[in-house]
Amino acid sequence: MPIVGGLDIHRKQITFDYLDTGTGEVRRGQIAPADRAHLRAWLGRLAGRDGAAFALEGCTGWRYVAGELAAAGIAARVAEPAEAAFARGRKRRAKTDRTDSRNLRELLEQGRLPECWIPPEQVLEARALLEAYHDLRREHTAWVQRIHAVFFHQGAPALGQGSLRTQAQLDALRAAAAAHLSAAGQLQVTVALGMLEAVDDRAGMLRAQLLAAARSLKGARVLAERIYGVGPLTALALTCWLAGAGRFSSARKAVRFAGLDITVYSSDARRSPGHLSRQGPEILRWAVYEAAKTYGRASAPGHGYYAAVKDRADGKIAALSQARKIIRQACHILSELGDDALAP
């Protein structure tokens, strides 16, 4: 590679460090502000340099940077942040943007860069829609909890679970608020109900787009057909984050990627209880966990395993165990499909 470099991305600036292997010259600096137009202008200086490659971490902003590098004919190598930090080794001095960009360049130059898969555009778009939908679902839950909190704080009768789903239940809620809450409490409930209506409207629009995206990917269609409890949205999430030929050498690595593996920390004779690593895509964990809870039904094909774990531990651990099984099943199916999983 005639030019090998590293880019450290931040909201205000992009710090670069690259080596011209032909002359041995190293150049460092910043691109500010950090946006597509200024990056494109800076990349103009490298026009005509075939074989150039830059490493960048897979953090917020990598998408447009990788896109501009590819448009300029420069290879973009996206690094997994945690593994890149591990490969960098123990810090001997203060961490700065310049050292980060230099370390990325050195890892790429030495062939030690832990690279991430760069998905095609349609997968990136589907991921963005899934993230927006997940945000709206969390927002919906938060507003429902606020309504319950207002009733409890003012000593009103408890509403009960699932009391905000039908129009009759909403009318009963408004009547209960008028009967038991103060003027400010009634206003809080009115605001919350308005926000819930707006969130549900947007979530419905997003869900329709996500269903269409799931129908357009072969991997999502096959997963929804072959794995119990996996609906179109969960199948889409599994395909967007796990599909691609050669992504994982084993299903265990897919479980680790999803953040559902159990981590253990020990120091001499002291050992903390196992807990989830929670690294990787949060949306994937959420979707698979919700799918795993359907195995609590007596008619589910894997209900015996789910019930045994629930009796031995609890329902949450049973759902997590089943979620790992779903990830492993999906990994095997998507590996069989290869790149066809992302085909229409």
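Residues numbered from 1 in each chain as written. Predicted model: local features only at pLDDT ≥ 70, side-chain atom pairs only at ≥ 80, totals over all residues. Heavy atoms only, no water.

1. Overview of the overall build of the protein
For the protein, the helix and strand inventory stands at 13 helices and nine strands. Taken along the three principal axes of its C-alpha coordinates, the protein extends 80 × 55 × 50 Å. Within the span of the protein, comprising 344 residues, buried residues form 41% of the whole. Nonlocal contacts in the protein, meaning residues at least 24 apart in sequence, comprise 60% of its contacts between residues at least 6 apart. Carbon and sulfur atoms make up 51% of the accessible area of the protein, which amounts to about 18900 Å² in all. (Helix = DSSP H or I, 4+ residues; strand = E, 2+ residues; numbered from the N terminus. Buried < 20%, exposed > 50% of the residue type's maximum accessible area, 1.4 Å probe, protein only. Contact = heavy atoms within 4.5 Å. Areas by Shrake-Rupley, 256 points an atom, 1.4 Å probe, with all protein chains shown as cover.)

2. Section: the pairing of strand 1 (residues 3-9)
Burial analysis of strand 1 places seven of its seven residues in the buried class, the great majority of the element. A two-sided burial pattern is seen for strand 1, the buried positions comprising I3, G5, L7 and I9 on one face and V4, G6 and D8 on the other. Of the strand pairs in this sheet, strand 1 and strand 2 (residues 14-20) are connected by seven bridges, and their pairing is antiparallel. By the bridge assignment, I3 is partnered in strand 2 with D20. Hairpin geometry of strand 1 and strand 2 is characterised by an intervening segment of four residues between the two adjacent antiparallel strands. Bridge count for strand 1 against strand 4 (residues 53-57) is four bridges, and the pairing is parallel. Following the sheet pairing, L7 is matched in strand 4 by L56. (Pairing = 2+ DSSP bridges.)

3. Notes on helix 6 (residues 167-180)
Between its first and last C-alpha, helix 6 extends 20 Å over 14 residues, near the 20 Å set by a 1.5 Å rise per residue. Of the residues making up helix 6, those classed as buried are L170, L173, A176 and A177. Each buried residue of helix 6 sits inside an arc of 120° when the element is viewed along its axis, so together they form one side. More than 90 degrees from the buried face of helix 6, the exposed residues found are A168, A178 and A179. Buried positions along helix 6 lie against helix 5 (121-153) and helix 7 (183-215). (Expected span 1.5 Å × (residues − 1). Arc of directions from axis to C-beta.)

4. Things to note about the sheet that holds strand 1
Strand order in the open sheet made by the five strands is 3-2-1-4-5, with mixed pairing throughout. For this open sheet the edge positions go to strand 3 (25-31) and strand 5 (75-79), each flanked by a neighbour on one side alone. Sheet twist, expressed as the mean angle between neighbouring strand axes with direction ignored, is 20°. Across seven bridges, strand 2 lies against strand 3 in antiparallel orientation. In the strand pairing of strand 3, Y18 is matched with R27. The strands touched by helix 2 (residues 62-71) are strand 1, strand 2, strand 4 and strand 5; relative to strand 4, the strand with the most contacts, the crossing angle is about 175°. (Axes fitted to C-alpha atoms, helices over the stretch in contact; angles between N-to-C directions.)

5. Considering the packing of helix 5 against helix 11 (residues 282-292)
Across the interface, helix 5 lies against helix 11 with an axial gap of 10 Å and an inter-helix angle of 65°. Where helix 5 crosses over helix 11, the handedness of that crossing is left-handed. Along its contact with helix 5, which presents L130, E131, Y133, H134, R137 and R138, the element helix 11 presents E282, I283 and W286. For the contact of helix 5 with helix 11, the per-class residue count stands at four nonpolar, one polar and four charged. (Left-handed = near helix turned anticlockwise from the far one by under 90°. Nonpolar A, V, L, I, M, F, W, Y, C, P; charged D, E, K, R; others polar.)

6. Structural notes on helix 13 (residues 315-337)
Three or four residues apart is the spacing at which side chains of an α-helix point the same way, because the helix has 3.6 residues per turn. Taking 1.5 Å per residue, 23 residues should reach 33 Å; helix 13 reaches 33 Å between its end C-alpha atoms and fits that length. Sitting at the amino-terminal end of helix 13 is D314, which places a side-chain oxygen 3.1 Å from the backbone nitrogen of K316. Where helix 13 ends, the next residue or the one after it, G338, has phi of about 65°, a positive value. (Polar contact = N/O pair within 3.5 Å; in protein donor to acceptor, adjacent residues only side chain to side chain.)

7. Overview of the side chain of D100
In this fold, D100 is placed in helix 4 (residues 97-109). What makes D100 buried here is its relative accessible area of 5%.

8. Focus on the environment of L56
Along the chain, L56 turns up in strand 4. Accessibility expressed as a relative area gives 0% for L56, which makes it buried. The spacing of L56 and A343 is 287 residues in sequence and 28 Å in space, taken between C-alpha atoms. Once residues within four sequence positions are removed from consideration, L56 is found in contact with L7, I9, W62, V65, L69, A76, R77, V78, A79 and L104.

9. Regarding the nonpolar core
The biggest cluster of nonpolar side chains holds 56 residues, and the ones touching the most others in it are L236, L238, L242, L284, I326 and I327. Listing elements by their share of this core, those giving two or more residues are helix 5, helix 7, helix 8 (218-226), helix 9 (232-242), helix 10 (251-258), helix 11, helix 12 (303-312) and helix 13. The dominant element in this core, judged by the number of residues it contributes, is helix 13, at 11 residues. Beyond its immediate sequence surroundings of up to four residues, L238 is in contact with L223, V230, A243, L284, V288, I326, I327, A330 and L334. If you look at the next biggest cluster of nonpolar residues, it comprises 24 residues, including Y18, L43, L46 and L56. (Core = buried A, V, L, I, M, F, W, Y, C linked by side-chain atoms within 4.5 Å.)

10. A few points about a nonpolar patch on the surface
A cluster of nonpolar side chains, contributed by L187, V191 and M195, occupies part of the molecular surface with about 260 Å² of accessible area. Within the secondary structure, L187 is located in helix 7. Given the relative accessible area of 55%, L187 is considered exposed. (Patch = residues over 30% accessible without salt bridge, like charges linked within 9 Å, V, L, I, M, F, W, Y side chains within 5 Å. Salt bridge = Lys/Arg side-chain N within 4 Å of Asp/Glu carboxyl O.)

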